[in-house]
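# Reading the structure
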Number of protein chains: 4
Amino acid sequence: MNGCCSGLRLNPEVREEARRRLLSIRGHVEGILRMLEDETVYCVDALKQIKAVQGALDKVGALVLRSHLREHVVTASERGDAEGIVEEMMEILKYR
Amino acid sequence: MNGCCSGLRLNPEVREEARRRLLSIRGHVEGILRMLEDETVYCVDALKQIKAVQGALDKVGALVLRSHLREHVVTASERGDAEGIVEEMMEILKYR
Amino acid sequence: MNGCCSGLRLNPEVREEARRRLLSIRGHVEGILRMLEDETVYCVDALKQIKAVQGALDKVGALVLRSHLREHVVTASERGDAEGIVEEMMEILKYR
Amino acid sequence: MNGCCSGLRLNPEVREEARRRLLSIRGHVEGILRMLEDETVYCVDALKQIKAVQGALDKVGALVLRSHLREHVVTASERGDAEGIVEEMMEILKYR
């Protein structure tokens with residue numbers, strides 16, 4: 001899936017922290033699934049939980065993004081893959 | 001958790017569809033967890049998967065929101081809880 | 001431009017308040033234009049000002065949206081144009 | 001206003017292009033101001049115009065951001081201000 005810069009890797013500590021957070025996010029999704037088994041659930045309560053999961057995903061994303069900036073983007077010119085790194089960044093940042 | 005309008009419920013078919021989609025989202029989160037076990041994973045590939053999950057959550061949210069509008073918001077004046085419904089909507093919509 | 005619900009109008013006080021805020025936003029845009037005449041301007045300072053204008057536009061949008069919900073959406077079922085109102089809302093909310 | 005990296009400047013061509021776009025955005029804001037003078041204006045039509053301006057601002061922002069990445073972020077390690085550049089980027093990107 002690596003579109004640009006072969007050999008670059010997510011920092012191991014950040015990878016571990018991202019995993020921890022995603023485990024918690026999976027638990028949160030399972031909580032919403034149980035919530036939706038209840039036929040009296042109210043739309044707005046479901047919506048709030050969905051937004052909460054998106055907020056948690058934003059935080060994981062920010063963690064990985066900061067690590068990517070620090071370890072790969074600011075050094076791209078030295079490495080010689082600046083153009084690819086910039087295009088990738090623009091693509092990621094427009095996603096939403 | 002119901003802050004406003006007791007007795008209102010998420011439409012059963014929408015609830016079922018939201019459940020189906022959230023099961024798939026849980027699977028997607030588990031896919032990212034496996035991806036993060038690989039020490040060669042690249043930051044940008046992880047970020048793209050996180051964004052994809054957020055896109056899928058946006059769609060579930062839109063589904064529930066449309067149902068809420070259709071079944072509860074447009075009828076709020078008839079029911080007499082318009083003020084609470086409006087405040088709830090504003091809160092949900094600013095969330096992100 | 002009215003795609004749905006002919007005869008509905010923005011509340012006059014909200015319209016006035018929105019105008020006031022947009023006058024201030026126009027001033028803010030003119031401030032950025034002057035800033036960009038300076039050849040020593042720094043990218044990030046320009047970006048922060050652009051974001052600030054977007055924040056101000058978010059607030060005008062929230063003002064108009066709240067008024068629309070209060071005066072037109074919660075009464076749509078009584079008026080008989082609920083379907084059009086819901087579709088319009090979904091379109092507006094996905095815009096970004 | 002420069003919080004980090006003194007001496008860095010927005011690329012002159014990008015600055016000119018950003019100015020051109022902001023002139024057009026100012027015109028768009030003035031169009032909304034005229035629209036709001038009409039007492040029959042419909043909420044949703046105003047909201048759509050506000051969103052359109054935000055879309056245009058997104059594009060100016062993307063233009064400036066790409067230039068910043070290309071000229072200042074990928075070279076930060078060489079220049080020795082990587083830490084400040086990363087923190088600035090994270091601040092800008094979370095803004096909204």
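Residues numbered from 1 in each chain as written. Chains lettered and ligands numbered in written order. Predicted model: local features only at pLDDT ≥ 70, side-chain atom pairs only at ≥ 80, totals over all residues. Heavy atoms only, no water.

## Some remarks on the overall build of chain A
Each helix and strand counted, chain A has four helices and zero strands in total. In sequence order, the secondary structure elements of chain A are arranged as α-α-α-α. For 96 residues, the compact-globule estimate of 2.2 N^0.38 gives 12 Å, and chain A exceeds it by more than 25% at 18 Å. Dimensions of chain A, computed from C-alpha atoms along their principal axes, come out at roughly 60 × 25 × 20 Å. By the burial criterion, 49% of the 96 residues in chain A qualify as buried. Long-range pairs, those at least 24 residues apart, make up 64% of the contacts in chain A with a sequence separation of at least 6. Counting every atom, chain A has about 4,400 Å² of accessible surface; 45% of that belongs to carbon and sulfur. Within chain A, one finds 15 positive and 16 negative side-chain charges whose respective centroids are separated by 4 Å. (Helix = DSSP H or I, 4+ residues; strand = E, 2+ residues; numbered from the N terminus. Rg over C-alpha atoms; globule rule 2.2 N^0.38 Å. Buried < 20%, exposed > 50% of the residue type's maximum accessible area, 1.4 Å probe, protein only. Contact = heavy atoms within 4.5 Å. Areas by Shrake-Rupley, 256 points an atom, 1.4 Å probe, with all protein chains shown as cover. Lys, Arg positive; Asp, Glu negative; His and termini not counted. Charge placed at Lys NZ, Arg CZ, Asp CG, Glu CD.)

## Topic: the interface of chain A and chain B
Opposite the 49 residues of chain A that make contact, chain B presents 49 residues. Together, the buried faces of chain A and chain B total about 5,000 Å²; carbon and sulfur atoms form 69% of this surface. Counting every contact that joins chain A to chain B gives four salt bridges. Between R19 of chain A and E37 of chain B there is a salt bridge, with the nearest N and O atoms lying 3.3 Å from each other. On inspection of chain A and its partner chain B, the count reaches 16 residue pairs in polar contact (both at pLDDT 80 or more). For the side of chain A that touches chain B, the secondary-structure elements that each account for two or more residues are helix 1 (12-35), helix 2 (43-73) and helix 4 (82-94) of chain A. Here the side of chain A that touches chain B takes 18 residues from helix 2 of chain A, the largest share from any one element. When the residues that make up the side of chain A that touches chain B are grouped by side-chain class, the tally is 27 nonpolar, seven polar and 15 charged. (Buried area = accessible area lost by both parts, 1.4 Å probe. Salt bridge = Lys/Arg side-chain N within 4 Å of Asp/Glu carboxyl O. Polar contact = N/O pair within 3.5 Å; in protein donor to acceptor, adjacent residues only side chain to side chain. Nonpolar A, V, L, I, M, F, W, Y, C, P; charged D, E, K, R; others polar.)

## Details of the environment of A76 of chain D
For A76 of chain D, the location among the structural elements is in helix 3 (residues 76-79). It is 8.9 Å that separates the C-alpha atoms of A76 of chain D and V86 of chain D, two residues lying ten residues apart in sequence. If we skip the residues at most four places from it in the chain, A76 of chain D touches V74 of chain A together with D81, A82 and I85 of chain D.

## Comments concerning the confidence of the model for chain A
Residue-level pLDDT values for chain A average 94, and 95% of them are 70 or greater. Here helix 4 of chain A stands out as the element of chain A with the lowest mean pLDDT, 95, in contrast to helix 1 of chain A, whose mean of 98 is the highest. (pLDDT = per-residue confidence, 0-100.)

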